[in-house]
Amino acid sequence: MDGQSNHQAVNLRSNVLGPPLFQRLHRARHIAVFTGAGISAESGIPTFRERFTGLWAKTDPQEVATPEAFRADPQRVWDWHVHLAATVRRAAPNAGHRAIARLQDAVERITVITQNIDDLHHAAGSRDVLELHGNLFRLAPFVDEEALFAEGRNPLICHLCGGYALRDDCDPYAGREDLEGLRLEAGPVPRCPACGALLRPDIVWFGEPLDPHVLGAAFEAADACDALICVGSSLEVEPAASIPYRAIRRGAVVIEINPEPTALSQQADAAIRGSAAEVLPALFQEVWG
Ligand code: APR
């Protein structure tokens with residue numbers, strides 16, 4: 001069922017939700033909020049797939065967002081992420097992020113399941129946040145298994161970064177503060193101070209697996225929640241895109257908020273055509289006061 005345009009978002013009860021849906025939302029004890037790049041658009045961060053402004057409209061993700069691209073040209077991939085991080089650092093949580101954080105005071109349990117790497121849910125005050133695709137501001141060792149095991153070596157696991165030591169010895173005196181002092185910023189690609197492994201943003205590139213613990217927790221939340229609100233995602237990337245459908249299969253109320261229709265729109269209990277920063281505060285005000 002498609003909803004109304006966002007200028008009617010304020011009076012959701014009569015226009016879109018209808019009393020039964022409204023009551024089910026109001027009684028929900030566990031709400032999952034599934035977010036994509038669209039919720040950060042009003043914070044000034046470009047989405048990925050919007051026709052002219054999306055990040056992938058300007059750059060081929062195969063050249064900057066895959067392990068193969070990093071192996072081929074670490075500096076180029078690093079520099080692209082430094083440029084993205086500069087945009088994200090200038091961004092602040094918007095009214096959509098803040099409304100989700102406030103909902104923690106009105107509902108027994110809120111699980112935020114985000115595809116975003118911009119840390120804006122944490123910045124808005126959300127506590128239970130599952131970052132399916134990682135976090136741009138954490139660094140991790142680049143593990144090039146092809147190179148490591150090519151020579152039949154049995155590489156050491158670094159005591160500091162958890163990567164595989166490129167050298168035959170780890171520097172036992174390199175400490176956590178040496179690693180934590182490194183940031184995603186302009187300059188040469190940093191290396192682990194202990195073992196020399198190249199460092200990269202701790203995010204999920206195309207072709208990489210998601211953290212199984214994070215994904216498992218997201219599946220559990222989708223399976224257990226009473227309601228799932230899907231905000232700002234084109235639902236084009238698996239396995240994240242399967243999460244709202246899991247909630248539907250388990251009988252949860254599913255609401256979609258997006259200016260554009262997606263494959264979920266026809267299956268959601270309500271699809272509200274509007275922006276996150278306008279609709280989320282209005283929806284939460286209508287349902288939880
Ligand atoms: N409010 C809500 N939704 C919006 C807004 C807004 N203000 N502006 C745009 N949108 C919607 C768009 O209509 C689109 O459906 O946000 C969605 C953004 O889609 P994508 O750019 O594909 O972003 P996302 O779904 O998060 O992509 C998933 O793909 O490239 C990978 O890892 C990357 O996490 C990302 C994943």
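First, a word on scope: everything that follows refers to the structure included in this document. Bear in mind the structure is a predicted one, so any value in this text is a computation, not a measurement.

**A look at the layout of surface pockets**
For step 1, the next point in the chain: One number sums up the size of the largest pocket: a volume of about 1,100 Å³.
For step 2, the next point in the chain: Taken together, 50 residues make up the lining of the largest pocket; nearest its centre are Ala37, Thr47, Phe48, Arg49 and Ser234.
For step 3, the next point in the chain: Grouping the amino acids of the lining of the largest pocket by side-chain chemistry returns 25 nonpolar, 16 polar and 9 charged.
For step 4, the next point in the chain: For the second largest pocket, the calculated volume is near 570 Å³.
For step 5, the next point in the chain: Within the residue set of the lining of the second largest pocket, elements represented by two or more residues are helix H5 (67–72), strand E4 (134–141), helix H9 (145–150), strand E5 (199–203) and helix H11 (212–224).
For step 6, the next point in the chain: At 4 residues, the largest contribution of residues to the lining of the second largest pocket is made by E4.
For step 7, the next point in the chain: Its residues assigned to classes, the lining of the second largest pocket comprises 12 nonpolar, 2 polar and 9 charged.
For step 8, the next point in the chain: Each of domain 1 (22–59 + 87–137 + 208–288) and domain 2 (143–197) accounts for three or more of the residues forming the lining of the second largest pocket.

**Observations concerning the nonpolar core**
For step 1, the next point in the chain: In this structure, Leu17, Ile31, Ile229, Ile255, Leu280 and Phe284 are the most contacted members of the largest nonpolar core, which totals 30 residues.
For step 2, the next point in the chain: For this core, the elements supplying multiple residues, two or more each, are helix H1 (12–27), strand E1 (30–35), helix H7 (95–103), strand E2 (109–114), strand E6 (227–231), strand E7 (253–257), strand E8 (270–272) and helix H13 (276–288).
For step 3, the next point in the chain: Of all the elements, H13 adds the most residues to this core, at 7 residues.
For step 4, the next point in the chain: Sequence-distant contacts of Ile229, that is, excluding residues within four places in its chain, are made with Ile31, Ala32, Val33, Phe34, Ile255, Ile257, Leu280, Leu283 and Phe284.

**As for the packing of aromatic side chains**
For step 1, the next point in the chain: Evaluated as defined, the whole model comprises 6 aromatic pairs.
For step 2, the next point in the chain: For the ring pair Trp56 and Trp80, a centre distance of 5.5 Å and an interplane angle of 15 degrees mean the geometry is stacked. Residue Trp56 is found in helix H3 (residues 55–58), and its partner Trp80 is found in helix H6 (residues 74–90); the two are separated by 24 residues along the sequence.
For step 3, the next point in the chain: Taking the relative accessible area as the measure of exposure, Trp80 reaches 15% and is therefore buried.

**Side note on the pattern of salt bridges**
For step 1, the next point in the chain: All told, the structure shown has 10 salt bridges when counted by the stated rule.
For step 2, the next point in the chain: Across the salt bridge formed by Arg49 and Glu236, the nearest N and O atoms sit 3.8 Å from each other. With Arg49 in the loop between helix H2 (38–41) and H3 and Glu236 in the loop between E6 and helix H12 (243–249), this pair connects stretches of sequence that are 187 residues apart.
For step 3, the next point in the chain: Overall, Glu236 belongs to the exposed group, its relative accessible area being 58%.
For step 4, the next point in the chain: Note that Asp144 and Arg71 form a salt bridge whose closest N and O atoms lie 2.9 Å from each other. Highlighted residues: Asp144 in the loop between E4 and H9 and Arg71 in helix H5, separated in sequence by 73 residues.
For step 5, the next point in the chain: Here the salt bridges share partners, and the residues they tie into one network are Glu131, Arg138 and Asp202.

**Side note on the site of the ligand**
For step 1, the next point in the chain: For the ligand, the set of nearby residues contains 23 residues, the closest of which are Ala37, Phe48, Arg49, Ser234 and Asn258.
For step 2, the next point in the chain: The backbone of Ala37 places a nitrogen or oxygen atom 2.8 Å from an oxygen atom of the ligand.
For step 3, the next point in the chain: The contact in question runs from a nitrogen atom of the ligand to an N or O atom on the side chain of Glu42, over 2.9 Å.
For step 4, the next point in the chain: Within the complex, 92% of the 730 Å² of free accessible area of the ligand lies under protein.
For step 5, the next point in the chain: The cavity where the ligand resides is the largest pocket.
For step 6, the next point in the chain: Class assignment for the residues of the shell around the ligand results in 9 nonpolar, 10 polar and 4 charged.

**Things to note about the sheet that holds E2**
For step 1, the next point in the chain: Read across the open sheet, the 6 strands follow the order E3-E2-E1-E6-E7-E8; overall the sheet is parallel. Looking at the sheet topology across the chains shown, the edges are occupied by strand E3 (129–131) and E8. Neighbour to neighbour, the strand axes of the sheet diverge by 15 degrees on average, direction disregarded.
For step 2, the next point in the chain: Bridge analysis of E6 against E7 gives 5 bridges, and the strand direction is parallel. Residue pairing for E7: Ala227 is matched across the bridge by Val253.
For step 3, the next point in the chain: Each of E1, E2 and E3 touches H11; the most contacted strand, E3, lies at about 130 degrees to it.

**Some remarks on empty space enclosed by the protein**
For step 1, the next point in the chain: Applying the stated rule across the entire model yields 1 cavity of 30 Å³ or more.
For step 2, the next point in the chain: The computed volume of the largest cavity comes to approximately 40 Å³.
For step 3, the next point in the chain: Every residue lining the largest cavity is listed: Thr114, Asn116, Asp118, Asp119, Leu120, His121, His122, Val129 and Glu131.
For step 4, the next point in the chain: Taken together, the elements giving at least two residues each to the lining of the largest cavity come down to helix H8 (120–124) and E3.
For step 5, the next point in the chain: For the lining of the largest cavity, the class distribution of residues is 2 nonpolar, 4 polar and 3 charged.

**A short note on the side chain of Arg273**
For step 1, the next point in the chain: Secondary-structure assignment places Arg273 in the loop between E8 and H13.
For step 2, the next point in the chain: Separated by 3.0 Å, the side chain of Arg273 and the backbone oxygen of Asn258 make a polar contact.
For step 3, the next point in the chain: Within the structure, Arg273 has its side chain in polar contact with the backbone oxygen of Glu260 (distance 3.5 Å).

Calculation rules
- Residues numbered from 1 in each chain as written.
- Predicted model: local features only at pLDDT ≥ 70, side-chain atom pairs only at ≥ 80, totals over all residues.
- Heavy atoms only, no water.
- 1 Å grid on protein atoms, 1.4 Å probe; cavity = no way out; pocket = protein on both sides within 12 Å on 5 of 7 lines; lining within 4 Å.
- Points joined across faces, edges and corners; volume = space filled by probe spheres on them.
- Nonpolar A, V, L, I, M, F, W, Y, C, P; charged D, E, K, R; others polar.
- Helix = DSSP H or I, 4+ residues; strand = E, 2+ residues; numbered from the N terminus.
- Domains from an automatic or database assignment.
- Core = buried A, V, L, I, M, F, W, Y, C linked by side-chain atoms within 4.5 Å.
- Buried < 20%, exposed > 50% of the residue type's maximum accessible area, 1.4 Å probe, protein only.
- Contact = heavy atoms within 4.5 Å.
- Phe/Tyr/Trp six-rings, centres within 6.5 Å; stacked < 30°, edge-to-face > 60°.
- Salt bridge = Lys/Arg side-chain N within 4 Å of Asp/Glu carboxyl O.
- Near = heavy atom within 4 Å.
- Polar contact = N/O pair within 3.5 Å; in protein donor to acceptor, adjacent residues only side chain to side chain.
- Areas by Shrake-Rupley, 256 points an atom, 1.4 Å probe, with all protein chains shown as cover.
- Sits in = over half its atoms within 2 Å of the grid points.
- Pairing = 2+ DSSP bridges.
- Axes fitted to C-alpha atoms, helices over the stretch in contact; angles between N-to-C directions.

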